[in-house]
Amino acid sequence: MTAPPRRRILLKLSGEALMGSGHESIDPAILERFASDVKDLAAAEVQLALVLGGGNIFRGAGLAAKGLNRVTGDQMGMLATVMNALAMQDQLERLGVQTQVLSALRIDQVCEGYSRQRAVAALAQGQVVIFAAGTGNPFFTTDSAASLRAIEIGADLLIKATKVAGVYSADPVLDPDATFYPRISYDRALREGLQVMDTTAIVLCRDHGMPLRVMNINEPGALLRLLRGEDVGTLVASGE
C-alpha cells in the first residue's frame, strides 16, 4: 500500500541551487522552475513552508576563516537568506501563489517577523510560508533552522533538497562505487558522519521524531511523486 499524502511539509533548499550552472547569484530560469514546483505542491493542497540557504550570495564561514568576525559573518549570511526569500516570494506571487516571508531578524519594512502562531495561521490559510534569516542566531546553519521550524510548525515531513538522489555511503560525485541508502536511521547517519544535514539538525529531528527525506530536487516531478506516496530519495528516521 502507498503511504497517505503528507499534509504539512517543510522544504529546505540550498542557496547554491538557485545559481544553476551560471555565475549569477540567482538564475531566473532556475528560480522560475523551483517556484513552479512549489506552485504544483500548493495546488495539491499541501501546506508548504520553505527554508532557503544563502550560500549563493554570501558564505560567512569562508570569510570568518580569513579573519572576519564569525558573528558578523553569520549575520551577513542571514541577510543573504532574506534576499533569496524575497526573490522566491516575488516569483511565486507572479505565478499567483499567495506567499508570506517571515524573518527571524526584524526587518519590518521588508517582511514580517517570525512567530510560530503567524506561520501556522498563514499555512492554514493556504499561503506558502518562507522562513528567512535562519534561526536569527549566529553559529546555526539553515539546516538547523529548517529542522527547528519543521518541529515548531508540526510538519509531517522535512525534505532536504539536494543535487543527488539521496544519502550515500560517500560522495557519489567523487566515488562512483558509493552505496545508496533508501532508508537510514538518524543515529547511523550521525555515527558514520554522512553528509545528510549538519549534526544539530539531525539531532533535532531525531529527538523530536521528525522524519527527514533527502532527495534530488532536479529530478522532474519527484516532489509530487513523493507526496503521492512513492518512495523517492532516502528516508532518515528512527530505527536501524
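Just above, that's the structure.
Conventions adopted
- Residues numbered from 1 in each chain as written.
- Predicted model: local features only at pLDDT ≥ 70, side-chain atom pairs only at ≥ 80, totals over all residues.
- Heavy atoms only, no water.
- Helix = DSSP H or I, 4+ residues; strand = E, 2+ residues; numbered from the N terminus.
- Rg over C-alpha atoms; globule rule 2.2 N^0.38 Å.
- Buried < 20%, exposed > 50% of the residue type's maximum accessible area, 1.4 Å probe, protein only.
- Areas by Shrake-Rupley, 256 points an atom, 1.4 Å probe, with all protein chains shown as cover.
- Pairing = 2+ DSSP bridges.
- Salt bridge = Lys/Arg side-chain N within 4 Å of Asp/Glu carboxyl O.
- Contact = heavy atoms within 4.5 Å.
- Polar contact = N/O pair within 3.5 Å; in protein donor to acceptor, adjacent residues only side chain to side chain.
- 1 Å grid on protein atoms, 1.4 Å probe; cavity = no way out; pocket = protein on both sides within 12 Å on 5 of 7 lines; lining within 4 Å.
- Points joined across faces, edges and corners; volume = space filled by probe spheres on them.
- Nonpolar A, V, L, I, M, F, W, Y, C, P; charged D, E, K, R; others polar.

(A) Just the overall build of the protein chain, in detail. Secondary structure summary: the protein chain contains eight helices and eleven strands in total. Relative to its length of 240 residues, the protein chain is compact, with a C-alpha radius of gyration of 17 Å against a globular reference of 18 Å. A principal-axis box enclosing the C-alpha atoms of the protein chain has dimensions of 45 × 45 × 35 Å. Across the 240 residues that make up the protein chain, the buried fraction comes to 47%. Of the roughly 11600 Å² of accessible surface on the protein chain, 51% is carried by carbon and sulfur atoms.

(B) Structural context of the sheet that holds strand S11 (residues 234-237). Within the open sheet, the nine strands sit side by side as S4-S3-S5-S2-S1-S6-S10-S11-S9. Their pairing is mixed. The sheet is open, and its two borders are formed by strand S4 (112-113) and strand S9 (183-185), each paired with just one other strand.

(C) Geometry of the pattern of salt bridges. Within this structure, the stated rule accounts for 13 salt bridges. In this structure, Arg70 engages Asp74 in a salt bridge whose closest nitrogen and oxygen atoms are separated by 3.0 Å. Of this pair, Arg70 and Asp74 both sit in helix H3 (residues 70-94), four residues apart, which is roughly one turn of the helix. The network of salt bridges with shared partners includes Lys12, Asp143 and Lys160.

(D) Representation of helix H5 (residues 142-152) within the structure. Where burial is concerned, most of H5 is hidden: eight out of the eleven residues are buried. Within H5 the residues assigned to the buried category are Thr142, Asp143, Ser144, Ala145, Ala146, Ser147, Arg149 and Ala150. Residues of H5 that are buried sit in contact with strand S1 (8-13), strand S2 (47-52), H3, strand S5 (128-132), strand S6 (157-162) and helix H7 (199-208). At the N-terminal end of H5, a side-chain oxygen is found 3.2 Å from the backbone nitrogen of Asp143, two or three residues along, and the residue is Thr141. Residue Gly154 follows H5 closely and has a positive phi angle near 70°.

(E) Looking closely at the side chain of Thr135. Within the fold, Thr135 resides in the loop between S5 and H5. In this structure Thr135 comes out as buried when scored by relative accessible area, which is 15%. From its side chain, Thr135 meets the backbone nitrogen of Asn137 in a polar contact 3.2 Å long. Not counting the four nearest positions on each side in its chain, Thr135 is found in contact with Ala104, Phe140, Ala145, Leu148 and Arg149.

(F) Spotlight on the layout of surface pockets. Computed from the structure, the largest pocket encloses a volume of approximately 820 Å³. Lys12, Glu16, Arg59, Thr141 and Thr142 are, among the 31 residues lining the largest pocket, the residues nearest its centre. Elements supplying a minimum of two residues to the lining of the largest pocket: helix H2 (60-64), H3, H5 and S6. Here the lining of the largest pocket is built from residues that sort into seven nonpolar, 15 polar and nine charged. The computed volume of the second largest pocket comes to approximately 320 Å³. Lining the second largest pocket we find 17 residues, and of these Val164, Ala170, Asp171, Pro172 and Gln195 sit closest to its centre. Put simply, the parts of the chain that give the lining of the second largest pocket at least two residues each are S6 and strand S7 (167-168). Split into classes, the residues belonging to the lining of the second largest pocket amount to nine nonpolar, five polar and three charged.

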